[in-house]
Amino acid sequence: MKAIAGDRERDRAAPGQAGGIDLADVPEALRQPVAAALAAAGVADGHLALELVEAERIRQLNREHRGRDAPTDVLAFPIDGPGPSAGPRELGDVVICAALCSNLTEAAVHGVLHLCGLDHEADAGEMLALQEKILRAVEPPPPPPPPPPPGPGPGARARDFTLR
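Residues numbered from 1 in each chain as written. Predicted model: local features only at pLDDT ≥ 70, side-chain atom pairs only at ≥ 80, totals over all residues. Heavy atoms only, no water.

Comments concerning the nonpolar core
Consideration 1: Counting residues in hydrophobic clusters, the biggest one holds 25 residues, and the most contacted among them are Val34, Leu38, Leu48, Leu50 and Ile96.
Consideration 2: Of all the secondary structure elements, the ones that give two or more residues to this core are strand S2 (20–25), helix H1 (31–40), strand S3 (45–52), strand S5 (90–96), helix H3 (104–115) and helix H4 (126–138).
Consideration 3: Ranked by residues supplied to this core, first place goes to H3 with six residues.
Consideration 4: Ignoring sequence-local partners within four residues, the contact set of Leu38 consists of Ile21, Leu23, Val43, Leu48, Leu91, Val112 and Cys116.
Consideration 5: In this structure, Val53, Ile58, Leu61 and Leu75 belong to the second largest nonpolar core, which totals seven residues. (Core = buried A, V, L, I, M, F, W, Y, C linked by side-chain atoms within 4.5 Å. Buried < 20%, exposed > 50% of the residue type's maximum accessible area, 1.4 Å probe, protein only. Helix = DSSP H or I, 4+ residues; strand = E, 2+ residues; numbered from the N terminus. Contact = heavy atoms within 4.5 Å.)

Structure, rendered in structure tokens:
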């Protein structure tokens, strides 16, 4: 299968390489969550590419590879499986349509977990539970709720107003 995210020669010592993982073809802002997803899935070596595309491009890929003529948020194209590989491991490509995602980090983690062989449509919730665990580790916690508006001071009584 031809790689979807590009055909350029890959420099294995490129920036974005973490240990045996080559993330040079992953947007810098998504490298940390992608690396966390790979580590959580037990993947310690290989190259992965992540491409952000428009809705029409992901619709075309979805139609060609899954027979579904509709845009979607994320697609994963695994290349080398978990066994030995003849050369540097090519994990595959993740393609994301940011316009269709509510959370780009979540889409990246989701796609990477699919590349690693997890499938939420076939498991008993393990993939989505792992995804939530990864997201809690890499995303900042939500901001605290705003404080309540100031009310009457201590000892104040509520008044009953009747409109006439």
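Here the narrative resumes, following the displayed structure.
Here's the deal with the packing of H1 against H3
The angle between the axes and the distance between the axes are what describe a pair of packed helices.
Consideration 1: At a minimum axis separation of 9 Å, H1 and H3 run at an interaxial angle of 35°. Crossing of H1 against H3: the hand is right-handed. The segment H1 lies against H3, with Pro33, Val34, Ala37 and Leu38 engaging Thr105, Ala108, Val109, Val112 and Leu113.
Consideration 2: The residue inventory of the contact of H1 with H3, partitioned by class, reads eight nonpolar, one polar and no charged. (Axes fitted to C-alpha atoms, helices over the stretch in contact; angles between N-to-C directions. Left-handed = near helix turned anticlockwise from the far one by under 90°. Nonpolar A, V, L, I, M, F, W, Y, C, P; charged D, E, K, R; others polar.)

Considering the packing of H1 against H4
Consideration 1: Where H1 meets H4, the closest approach of the two axes is 10 Å, and the angle between their N-to-C directions is 135°. One finds that H1 runs oblique with respect to H4. Of the two elements, H1 crosses H4, and the hand of that crossing is right-handed. Across the interface between the two elements, Gln32, Pro33, Ala36, Ala37 and Ala40 from H1 touch Leu130, Ile134 and Val138 from H4.
Consideration 2: Residue composition of the contact of H1 with H4, by class: seven nonpolar, one polar and no charged. (Parallel < 35°, antiparallel > 145°, perpendicular 65-115°, else oblique.)

Examining H4
Consideration 1: Between its first and last C-alpha atoms H4 spans 19 Å; for 13 residues at 1.5 Å apiece the expected length is 18 Å, and the two agree.
Consideration 2: Looking at the buried residues of H4, the elements they touch are H1 and H3. (Expected span 1.5 Å × (residues − 1).)

Quick look at the pattern of salt bridges
A side chain with one charge may pair with a side chain of the opposite charge, provided their charged atoms come close.
Consideration 1: In this structure the tally under the stated criterion is three salt bridges.
Consideration 2: A salt bridge links Asp69 to Arg59, with the nearest nitrogen and oxygen atoms 2.9 Å apart. You can see Asp69 sitting in the loop between helix H2 (55–66) and strand S4 (74–78) and its partner Arg59 sitting in helix H2, a full ten residues away along the chain.
Consideration 3: Accessibility expressed as a relative area gives 44% for Asp69, which makes it partly exposed.
Consideration 4: Two residues, Arg63 and Asp69, come together in a salt bridge whose shortest N-O distance is 2.8 Å.
Consideration 5: A single salt-bridge network, built from bridges that share partners, covers Arg59, Arg63 and Asp69. (Salt bridge = Lys/Arg side-chain N within 4 Å of Asp/Glu carboxyl O.)

These figures come from the coordinates and say nothing about function on their own.
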